[in-house]
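Architecture and fold: a report
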Amino acid sequence: MPDVDFQKKFRFWRAWLLPVMVLQLVAWYFGLFWIGADKDQGEVFRIMFVHVPVAWCAFWWIIAAAVFAVIGFVRKSAFETLDQCSHAAIDLGTVFAALALATGSIWGRPTWGVWWDWDPRLTSTLVLFLVCCAYHVLRSFTPDIQARRTSAQIVAIFAAVNVPIVYYSVNIWRSLHQPQTFVKKGGNASADVGMVLLINTIVMLLLSYVIYRVRRSAIDAEERLEAVREGGGFHG
Amino acid sequence: MVPETVEFEGVGILNQLRLWRSQCWLVVEYSVRTVLLRKASWAGTLAFSACLSILFPFAFGTELIQRAEIRHGAFWAINEFVVALSVGRLFSVEAEGGMLEYLLSVQAERTAILFGKIIYTAAYLLSLQIPLILMWIIFYNVPGAAVASLLGRIAPLLLLFNLGTGTIGALLACVTARSTAKDILLPLLFYPLQMSVLLAAVSLATMTDPDTVMLAGTSEQSWWAVLGGVPVVFLSLAVLLGDLLFQE
């Protein structure tokens, strides 16, 4: 008997994808077209309105994955559900980390003259991305479902340990990368740029949350299918 | 006057700590004894590191072999190969002796077993690094006048490097124990997490060598903080996750 509640939730969150994507396009319009060019970097700086929100989303979802993992170890009754939450969160963290590296590289080419520099922020972000990739490889290569859940959640906690290193890398080591944007008032961005950046970050987080809910439903469906196949009840 | 119940609890905690310490030491002891009895693994890893010491610089071209710039890099790169082999064989003592299931079923504190393995790994790495340093001094023409100061600097670096590496390696060896592709997974997980320890060790070693170009930028304090902080963070995780890592 199909789980009606599960299908309703999936359709509900999938329906929200389009409106939130439209909201994201509006937010990008403000950043990529509406706001004036930077006096030093010119039009190139506009990629900041994509790169910074994407980087924040990567940090957020990797930390969220670790939080789900810790709660899963504490609340054993919800272990499977929280593992699915952690899995979906790391999926998003991986994608956003890759996008942060890509958009950062696109921004770096005209400003620094190179596609890649072994700068502390870039290097530590690459390390974070590699740990997230290793998470997925671990899940693929662990046949026992319970061992898979436990090992994967431990690796999610290890991945989150890297997030403060990435964030504070510009403070600890000398870096080409600019320092944090919102830390000092009037520090690195004017008020209008800061506002548009904040709006883009919030909308990107909202979009990522909707994608997370859809992805979590997909993971739930995959695990149900796997369970049916192992139980011998599935006939393709 | 201290109530008897508080005194009794205090003695209980001390006894538990003593028991934990003896369990931890037992793991170190039997691991070390097994290596001493069957020296093939240790000798094989040493021979491998000797081969690398000779062959590694050829990858940079014959002109660079005499240069001081690759001296430190070569040492730590060869170290990384030694580390990979050592971490990959962390539970080989138990696996080859048919004791793995016994280890999991014994009534000992899981964190004691884990800490025992961490200490053993750090000591095992050091036992390989001592002859490696001698080969390095000879093959890479380390000036005689600089040997004492370099060794004085590298010794504490190696201790912290081995502790950080051993901690990360032990945790990940447990995490990947039930996976089907451990030989791929363990390096894939291990190297990104261990990278900060490696960077800190290389940077601090290079800073004191008068023959190398001074790296522009990062302070010594930052690197010492990284080298000391990583073992603290991962040892804390080992305490918190010890029971989960050793599930039967």
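Residues numbered from 1 in each chain as written. Chains lettered and ligands numbered in written order. Predicted model: local features only at pLDDT ≥ 70, side-chain atom pairs only at ≥ 80, totals over all residues.

1. Brief notes about the overall build of chain A
Each helix and strand in chain A was counted, giving 6 helices and 0 strands. The linear arrangement of helices and strands in chain A, starting from the amino end, is α-α-α-α-α-α. Residue pairs at least 24 apart in sequence account for 77% of intrachain contacts in chain A once pairs closer than 6 positions are excluded. (Helix = DSSP H or I, 4+ residues; strand = E, 2+ residues; numbered from the N terminus. Contact = placed C-beta atoms within 7 Å.)

2. Things to note about the overall build of chain B
Each helix and strand in chain B was counted, giving 9 helices and 0 strands. Taking all 248 residues of chain B together, 35% fall into the buried category. Long-range contacts, defined as pairs at least 24 residues apart, comprise 80% of the intrachain contacts of chain B with a sequence gap of at least 6. (Buried ≥ 20, exposed ≤ 12 C-beta atoms within 10 Å, placed from the backbone.)

3. Comments concerning the confidence of the model for chain B
All names here are of chain B. With 87% of its residues at a pLDDT of 70 or more, chain B has an overall mean of 82. Per-element confidence in chain B is highest for helix α6 (residues 110-139), whose mean pLDDT is 90, and lowest for helix α5 (residues 100-105), whose mean pLDDT is 70. Below pLDDT 50 for its whole length, residues 1-7 participates in 1 contact with residues either more than four positions away or in separate chains. (pLDDT = per-residue confidence, 0-100.)

4. So, the interface of chain A and chain B
Size of an interface: often given as the accessible area lost when the parts come together. Contact residues are listed per partner, giving 23 residues for chain A and 21 residues for chain B. Counting residues per element, the side of chain A that touches chain B draws most heavily on helix α5 (residues 145-172) of chain A, which supplies 10 residues. Residue composition of the side of chain A that touches chain B, grouped by class: 18 nonpolar, 3 polar and 2 charged. (Nonpolar A, V, L, I, M, F, W, Y, C, P; charged D, E, K, R; others polar.)

5. Some points on helix α9 (residues 220-245) of chain B
Residue pairs three or four apart in sequence face the same way in an α-helix, which turns once every 3.6 residues. Relative to the 38 Å expected for 26 residues at 1.5 Å per residue, α9(B) spans 35 Å between its end C-alpha atoms, a close match to the ideal helical length. Listing the buried residues of α9(B) in full gives B:W223, B:V226, B:L227, B:V230, B:P231, B:F234, B:L235, B:A238, B:L241 and B:L245. (Expected span 1.5 Å × (residues − 1).)

6. Examining unusual backbone geometry
The phi angle at B:N141 is positive, at roughly 50°, despite the residue not being glycine. One can find B:N141 in the loop between α6 and α7 (144-175).

7. Describing the confidence of the model for chain A
Predicted coordinates in areas of low pLDDT are best not read in detail. Residues at a pLDDT of 70 or more form 89% of chain A, whose mean pLDDT is 86. Element-level mean pLDDT values for chain A span from 87 in helix α1 (residues 4-34) of chain A up to 94 in helix α2 (residues 48-74) of chain A.

8. Concerning the packing of α2(A) against helix α6 (residues 191-231) of chain A
All names here are of chain A. Closest axis-to-axis distance for the α2/α6 pair is 9 Å, and the angle between their directions is 45°. Between α2 and α6, the angle is such that the two are oblique. Note that α2 runs across α6; the crossing there is right-handed. Residue-level inspection shows M48, F49, V52, P53, V54, W56, C57, W60 and W61 of α2 in contact with α6, the latter providing V196, L197, N200, T201, M204, L205 and S208. Residue composition of the contact of α2 with α6, grouped by class: 13 nonpolar, 3 polar and no charged. (Axes fitted to C-alpha atoms, helices over the stretch in contact; angles between N-to-C directions. Parallel < 35°, antiparallel > 145°, perpendicular 65-115°, else oblique. Left-handed = near helix turned anticlockwise from the far one by under 90°.)

9. Section: the packing of helix α2 (residues 40-55) of chain B against helix α3 (residues 69-88) of chain B
Residue and element names in this part refer to chain B. Look at α2 against α3: their axes get within 10 Å of each other, and the N-to-C directions meet at 155°. In terms of their interaxial angle, α2 and α3 are classed as roughly antiparallel. Between α2 and α3 the crossing geometry is right-handed. Packed against α2, whose contacting residues are T45, F48, S49, L52 and S53, the element α3 presents I78, F81, V82, L85 and S86 at the interface. Its residues placed into classes, the contact of α2 with α3 shows 6 nonpolar, 4 polar and no charged.

10. Some thoughts on the nonpolar core
All names here are of chain A. By size, the foremost hydrophobic cluster in this structure holds 109 residues, and its most contacted members are A65, V155 and A159. For this core, the leading source of residues is α2, giving 18 residues. Once you skip the residues sitting within four places of it in the chain, A65 turns out to touch S86, A89, I90, G93, A156 and A160. (Core = buried A, V, L, I, M, F, W, Y, C linked by C-beta atoms within 7 Å.)

11. Looking at the environment of A:F158
With respect to the element layout, A:F158 can be found in helix α5. For the pair A:F158 and A:R109, spaced 49 residues apart in sequence, the C-alpha separation works out to 31 Å.

12. Side note on α7(B)
Over its 32 residues, α7(B) extends 44 Å from the first C-alpha to the last, a length consistent with the 46 Å expected when each residue adds 1.5 Å. The sharpest bend along α7(B) comes to roughly 30°, located at B:L150. (Bend = angle between axes of the 7 residues up to and from the residue.)

13. Some words on the environment of A:I154
Looking at the element boundaries, A:I154 is found in helix α5. C-alpha separation for the pair A:I154 and A:S140, spaced 14 residues apart in sequence, amounts to 15 Å. In this structure, A:I154 is in contact with B:V175, B:L241 and B:L244, ignoring residues within four places of it in sequence.

14. Regarding the environment of B:G164
Residue and element names in this part refer to chain B. Mapping G164 onto the fold places it in helix α7. A count of 29 C-beta atoms within 10 Å places G164 in the buried class. Taking the C-alpha atoms as reference, G164 lies 10 Å from T121; in sequence the two are 43 residues apart. In this view, G164 contacts V197, L227, V230 and P231; residues no more than four positions away in its chain are not counted.

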